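Descriptive analysis of the structure
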Amino acid sequence: MLRNLLAIVTISAALSGCGGGGGETSANAAAPADAASPAAAPVNYGNAKPAATKPFTTAAVATFDEPWALAFLPDRRMLVTEKPGKMWLVTSAGAKTAVGGVPTVHDEGQGGLLDVAVSPRFASDRAVYLTYSEPGPGGDSLALARATIDPAAARPALTGLQVIWRQLPRGKGGQFGGYIAFAPDGQHLFLAAGDRMRMAPAQDPDQPVGKILRLTLDGKPAPGNPGEGKTGKATVGLIDPPANTGAAASAPVRQVTLPGPNLTPAETWSTGHRNQYGLAFDAKGRLWSTEMGPKGGDELNLIEPGRNYGWPLVSYGSNYDETPIPSPTTRPELAEPALYWNPVIAPAGLTFYDGNMFPEWRGSAFIGGLAATALVRIAFDGTTAREAERWTMDNRIRAVVSGPDGALWLLEDGAGGRLLRLTSRRAG
Ligand SMILES: [Ca+2]
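Residues numbered from 1 in each chain as written. Predicted model: local features only at pLDDT ≥ 70, side-chain atom pairs only at ≥ 80, totals over all residues. Heavy atoms only, no water.

**Observations regarding the overall build of the chain**
Along its length, the chain carries four helices and 27 strands. The buried share among the 428 residues of the chain stands at 55%. Contacts in the chain between residues at least 24 apart in sequence constitute 59% of all its contacts with a sequence separation of at least 6. Accessible surface for the chain amounts to roughly 16,900 Å². Of this, 55% is attributable to carbon and sulfur atoms. (Helix = DSSP H or I, 4+ residues; strand = E, 2+ residues; numbered from the N terminus. Buried < 20%, exposed > 50% of the residue type's maximum accessible area, 1.4 Å probe, protein only. Contact = heavy atoms within 4.5 Å. Areas by Shrake-Rupley, 256 points an atom, 1.4 Å probe, with all protein chains shown as cover.)

Quick look at the structure:
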């Protein structure tokens, strides 16, 4: 029964995808003119097949315990996080040195030590930013912290670590998002705050869940945000524990009074997200995000200020308990994804390629696939994105980063997850 339902969903999704490639659907034709909306309905790439051959060779460089994210330092070494709460400084040859001073994280489910990002001013400030699930009374916060590191130290360590932003109210479990991206001019920081599987609060302007935030490098609301100067309610309704189905809409709500002014409206750049596991700027200065949808609703989104990306009001997927979710075509005022995947790939990581090793890939984006056990290449024609290629990698891919050497660097997911370096066959 389930299999048949899935087949029907898949076929109808594929058909709507064909329609999107050929022209506007009637629903979109009725949409009000909006320069920020894609002209055509987004295409479904859920049934895209892996390429038969790979234009790269894959070398395993090092092995980790549940690796999550990596970031390059200017000296081309990498910082690699492991979800249970370790960080490593890693050479391109795979030599690992443990980094001290990592904060206590709550490692459970999808919580733990998450993203790491290197300050755009690292040469002068030696700062790194990290996100993690911070334990506390009533559950975890997604925390954004900044610390400094001396990469030349024999025993490198995070020093002066400060939490510069904290997701409140706290709550148990769920998906944290936690991805960090710096504005191209290095003046601001964007942070993906996942919906923590609470669903409805992704639409609550007073809760920093299901949002992309734009902050100063000190973690404060950035000037110029759509809600600049606004504050939210002091008491918000917290849905706890997390739910992963439409049942969350009727879950019990606990009223929680925040310890200080509610700055969420002033921090928010975009809203209505589910679980954003990738956030990156392209060479033209546009911000993109990958989003893990519910069953069958993974998305790539072009992120624009003040827009609502629809979760959980609309989706191209369904709830995990099979209850349907209205299609985005029913709510033209909500931002459509640039493309989507049904069935899902479970996207993790997002990087834009601008290296010399694969000149044909300049301007492309790469996304890791957890469920798809694949690497996906996205090509762009203006703001129209399409899945150009995918290659099976045989393991769940947790992260992908375009390296300063022109190679693509991937992290596999889970215990024993490997750091992979993908290099051109032509380069030899
Ligand atoms: Ca959406």
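And the narrative resumes.
**Quick notes on empty space enclosed by the protein**
Applying the stated criterion across every chain, the model contains three cavities of 30 Å³ or more. Volume-wise, the largest cavity comes out at about 80 Å³. Taken together, Gln167, Leu168, Pro169, Arg170, Gly171, Arg196, Arg198, Pro201, Gln207, Val209 and Leu238 make up the lining of the largest cavity. Classifying every residue of the lining of the largest cavity by side-chain character gives five nonpolar, three polar and three charged. Lining of the second largest cavity is provided by Asp195, Met197, Met199, Ala243, Asn244, Thr245, Arg274, Pro294, Trp311 and Asn319. Looking at the lining of the second largest cavity, its residues break down into five nonpolar, three polar and two charged. (1 Å grid on protein atoms, 1.4 Å probe; cavity = no way out; pocket = protein on both sides within 12 Å on 5 of 7 lines; lining within 4 Å. Points joined across faces, edges and corners; volume = space filled by probe spheres on them. Nonpolar A, V, L, I, M, F, W, Y, C, P; charged D, E, K, R; others polar.)

**Quick notes on the confidence of the model for the chain**
When pLDDT is averaged along the chain, the result is 91, and 90% of the positions lie at 70 or above. When pLDDT is averaged over each helix and strand of the chain, the minimum, 33, is found for helix H2 (residues 26-29) and the maximum, 99, for strand E4 (residues 78-82). Note that residues 1-38 has pLDDT below 50 and, in this model, 36 contacts with residues that lie over four places away or in other chains. (pLDDT = per-residue confidence, 0-100.)

**Regarding the coordination of the calcium ion**
For a metal bound by four donors in tetrahedral geometry, the ideal donor-metal-donor angle is 109.5 degrees, whereas six donors in octahedral geometry ideally sit at 90 or 180 degrees. For the calcium ion, the full set of protein donor atoms is Glu299 (OE), Glu299 (OE) and Tyr309 (O), and the range of their distances to it is 2.3 to 2.5 Å. With Glu299 in strand E19 (residues 298-303) and Tyr309 in the loop between E19 and strand E20 (339-341), this residue pair connects regions lying ten residues apart in the sequence. Residue classification places Glu299 among the buried positions, given a relative accessible area of 5%. Judged by relative accessible area, which is 3%, Tyr309 ranks as buried. (Donors = N, O, S within 2.8 Å, 3.2 Å for Na, K, Ca; no water.)

**Thoughts on the sheet that holds strand E13 (residues 211-216)**
With antiparallel pairing, four strands are arranged side by side in an open sheet as E11-E12-E13-E16. Unpaired on one side and paired on the other, strand E11 (177-182) and strand E16 (268-271) mark the two borders of the sheet. Adjacent strand axes in the sheet meet at a mean angle of 20° when their direction is disregarded. Relative to E13, strand E12 (residues 188-193) is paired through six bridges, and the arrangement is antiparallel. The residue of E13 that forms the bridge with Ala192 is Ile212. (Pairing = 2+ DSSP bridges. Axes fitted to C-alpha atoms, helices over the stretch in contact; angles between N-to-C directions.)

**Structural notes on the pattern of salt bridges**
Enumeration according to the criterion identifies 19 salt bridges in this entry. Residues Asp218 and Arg146 are paired through a salt bridge, measuring 2.9 Å at the closest nitrogen-oxygen approach. Note that Asp218 is positioned in the loop between E13 and strand E14 (235-239) and Arg146 in strand E9 (residues 139-149), a separation of 72 residues in sequence. Glu412 is paired through a salt bridge with Arg418; the nearest N and O atoms lie 2.8 Å apart. Take Arg418: its relative accessible area is 31%, and that puts it in the partly exposed class. Look at the salt bridges and you will find they share partners, linking Glu66, Lys83 and Asp107 into a network. (Salt bridge = Lys/Arg side-chain N within 4 Å of Asp/Glu carboxyl O.)

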